[in-house]
Amino acid sequence: MVRKILMLVVFATLFMAINCDNEPYEGEIIFEDTTCLEAIETTETAAENFLNAIPESYTLLCLTYREALLNQIDICGDEDGSLQIILEELSNCEAELDPCEEAIAQTELARITYESAADQTIEALCNNYKDALQYQIDVCGDDGTLQSIIEELGDCVPEVVDVVGTWKLVSWNTDELRDLDNDGIVTNNYLDDIDCYDNETIDFNADGTGTMFLRSIAEFTFTPTDDGEDFFTNCTDIIENKSFTWTETINSVTMLFTDGSSISLFKNGNLYTAIDDAFYAESTVDDSVITERITFVYNKL
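Rules and cut-offs
Residues numbered from 1 in each chain as written. Predicted model: local features only at pLDDT ≥ 70, side-chain atom pairs only at ≥ 80, totals over all residues. Heavy atoms only, no water. Helix = DSSP H or I, 4+ residues; strand = E, 2+ residues; numbered from the N terminus. Buried < 20%, exposed > 50% of the residue type's maximum accessible area, 1.4 Å probe, protein only. Areas by Shrake-Rupley, 256 points an atom, 1.4 Å probe, with all protein chains shown as cover. Phe/Tyr/Trp six-rings, centres within 6.5 Å; stacked < 30°, edge-to-face > 60°. Lys NZ or Arg CZ within 6 Å of the ring centre and 35° of its normal. Expected span 1.5 Å × (residues − 1). Arc of directions from axis to C-beta. Contact = heavy atoms within 4.5 Å. Core = buried A, V, L, I, M, F, W, Y, C linked by side-chain atoms within 4.5 Å. Patch = residues over 30% accessible without salt bridge, like charges linked within 9 Å, V, L, I, M, F, W, Y side chains within 5 Å. Salt bridge = Lys/Arg side-chain N within 4 Å of Asp/Glu carboxyl O. Lys, Arg positive; Asp, Glu negative; His and termini not counted. Charge placed at Lys NZ, Arg CZ, Asp CG, Glu CD. pLDDT = per-residue confidence, 0-100.

> Describe the overall build of the protein, naming the residues involved and giving the relevant values.
Looking only at helices and strands, one finds 7 helices and 9 strands in the protein. Buried residues in the protein amount to 34% of all 301 residues. Carbon and sulfur atoms make up 51% of the accessible area of the protein, which totals about 17,700 Å².

Now the structure itself:
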């Protein structure tokens, strides 16, 4: 952040120097080419956006800023070399991560690559994912969650999974350990702590059709305490049957619903999918919320 601020100070100084000649002009009005001014304004906007970048948008906004600087140099020139200095400071626009953050990012990339693997590359990409998980454990530590994923991946030899049949939701796995029933015992499988989602099933028919049966829905709230949070769960029974068609690869099965939405489940003996912010809890005392990425795991009946 300090480096970004210093770069923007250099840019702001340069921008002011270029645009300070604003004394009244009383002679003949001459319409000049505004291309350079437009390039400067574009660079200024890109600089402001980059200053406010969050980690997720850092690289994109940095590259946009670099492109604007290069365009300004091409159109307006860079007589004193100030723009070039900023470009050199930006380097290759890689976000500055500490070793643990970098390990987490590498693991996430390896996971996404593995889960989208083609049949012929799945074993190699599975091993890459395991290596990334182990590196994250070495750098960041582990509460057992990452090691359990490594164990689930096994020897990475693709397992033939017969999708046809009935599958039941058995786990809501997360990267966090929480105590949703306030019994003093934490878990990373939130279904262990709630009396809900205990009869959610999916039927896959041999003709490529199927039905997802939804039988409950939970709303979560929490009250902050000195030790953390007290959670409260309100489970409501529902009856919702969602029809779909499905296709599969050796690594995944994709369900396409009649409303146009889709879900991809990945095969690993069981079926699973991960959804960001699937766990959502609102505070009872203010506007704060807790969200978690949930991995939904289905076992065949």
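Read on, since the account is not over.
> Account for the packing of aromatic side chains, naming residues and giving values.
By the definition in use, this model includes 11 aromatic pairs. With a centroid separation of 5.6 Å and an interplanar angle of 70°, the aromatic rings of Phe-244 and Phe-257 are classed as edge-to-face. On the criterion of sequence distance, the pair formed by Phe-244 in strand E5 (residues 228–248) and Phe-257 in strand E6 (residues 252–257) is long-range, its members being 13 residues apart. Under the relative-accessibility criterion, Phe-257 is labelled buried at 5%. The interplanar angle of 45° and the centroid separation of 6.0 Å between the aromatic rings of Phe-266 and Tyr-272 together place this pair among those described as tilted. We classify Tyr-272 as buried; its relative accessible area is 13%. Through pairs of rings, three or more aromatic residues link up here, namely Trp-172, Tyr-190, Tyr-197, Phe-220, Phe-222, Phe-231, Phe-279 and Phe-296. Lying over the aromatic face of Phe-257, Lys-242 brings its terminal NZ or CZ to 4.7 Å of the ring centre.

> Break down unusual backbone geometry for me, citing the residues and quoting the values.
At Asn-182, a residue that is not glycine, the phi angle is positive and equals roughly 60°. Relative to the elements of secondary structure, Asn-182 occurs in the loop between strand E1 (165–178) and strand E2 (187–189). With a relative accessible area of 34%, Asn-182 lands in the partly exposed category. In this structure, Asp-277 takes a positive phi of about 60° despite not being glycine. Looking at where Asp-277 falls in the secondary structure, it is placed in strand E8 (residues 270–283).

> Explain helix H2 (residues 35–51) residue by residue, including any values.
End to end, H2 covers 24 Å across 17 residues, agreeing with the expected 24 Å (1.5 Å per residue, within 8%). Here H2 has its buried residues at Ala-39, Ile-40, Thr-43, Ala-46, Ala-47 and Phe-50. Take H2 and look down its axis: the buried residues cluster within an arc of 125°, on one side only.

> Explain the environment of Val-285 to me, and be specific about the residues and the numbers.
Among the structural elements, Val-285 can be located in the loop between E8 and strand E9 (289–300). Put simply, Val-285 and Thr-221 are 64 residues apart on the chain and 9.9 Å apart in space, counted from C-alpha to C-alpha. Sequence-distant contacts of Val-285, defined by excluding residues within four places in its chain, comprise Thr-223 and Pro-224.

> Could you give an account of the nonpolar core, with specific residues and numbers?
In terms of nonpolar packing, the biggest core is built from 31 residues, with Trp-172, Phe-204, Met-255, Phe-279 and Tyr-298 touching the most fellow members. Listing elements by their share of this core, those giving two or more residues are E1, strand E3 (201–204), strand E4 (209–225), E5, E6, E8 and E9. Dropping the residues within four chain positions of it, Trp-172 is found in contact with Asn-188, Asn-189, Tyr-190, Leu-191, Tyr-197, Phe-220, Phe-279, Ile-294, Thr-295 and Phe-296. Counting residues in each nonpolar core, the second largest holds 16 residues, with Ile-122, Leu-125, Cys-156 and Val-297 among its members.

> Describe a negative patch on the surface, naming the residues involved and giving the relevant values.
A surface patch of negative charge is lined by Asp-181, Asp-183, Asp-195, Asp-198 and Asp-237. Residue position: Asp-183 is located in the loop between E1 and E2. Among the residues examined, Asp-183 registers a relative accessible area of 42% and is labelled partly exposed.

> For the confidence of the model for the protein, give the residues involved together with the corresponding values.
When pLDDT is averaged along the protein, the result is 83, and 85% of the positions lie at 70 or above. The element-level mean pLDDT for the protein is lowest in helix H1 (residues 2–19), coming to 41, with E3 highest at 98. Counting interchain partners and residues more than four positions distant, the pLDDT-below-50 stretch residues 1–31 has 37 contacts.

> Mind laying out the pattern of salt bridges, listing which residues take part and the relevant values?
Taken as a whole and judged by the stated rule, the model has 6 salt bridges. Among the salt bridges present, the one from Glu-108 reaches Arg-111, with a minimum N-O distance of 2.5 Å. One end of the pair is Glu-108 and the other is Arg-111, both in helix H5 (residues 99–115) and 3 residues apart, which spans about a single turn. With its nearest N and O atoms 2.7 Å apart, the salt bridge here joins Glu-292 to Arg-178. One end of the pair, Glu-292, is in strand E9; the other, Arg-178, is in strand E1, with 114 residues separating them in the sequence.

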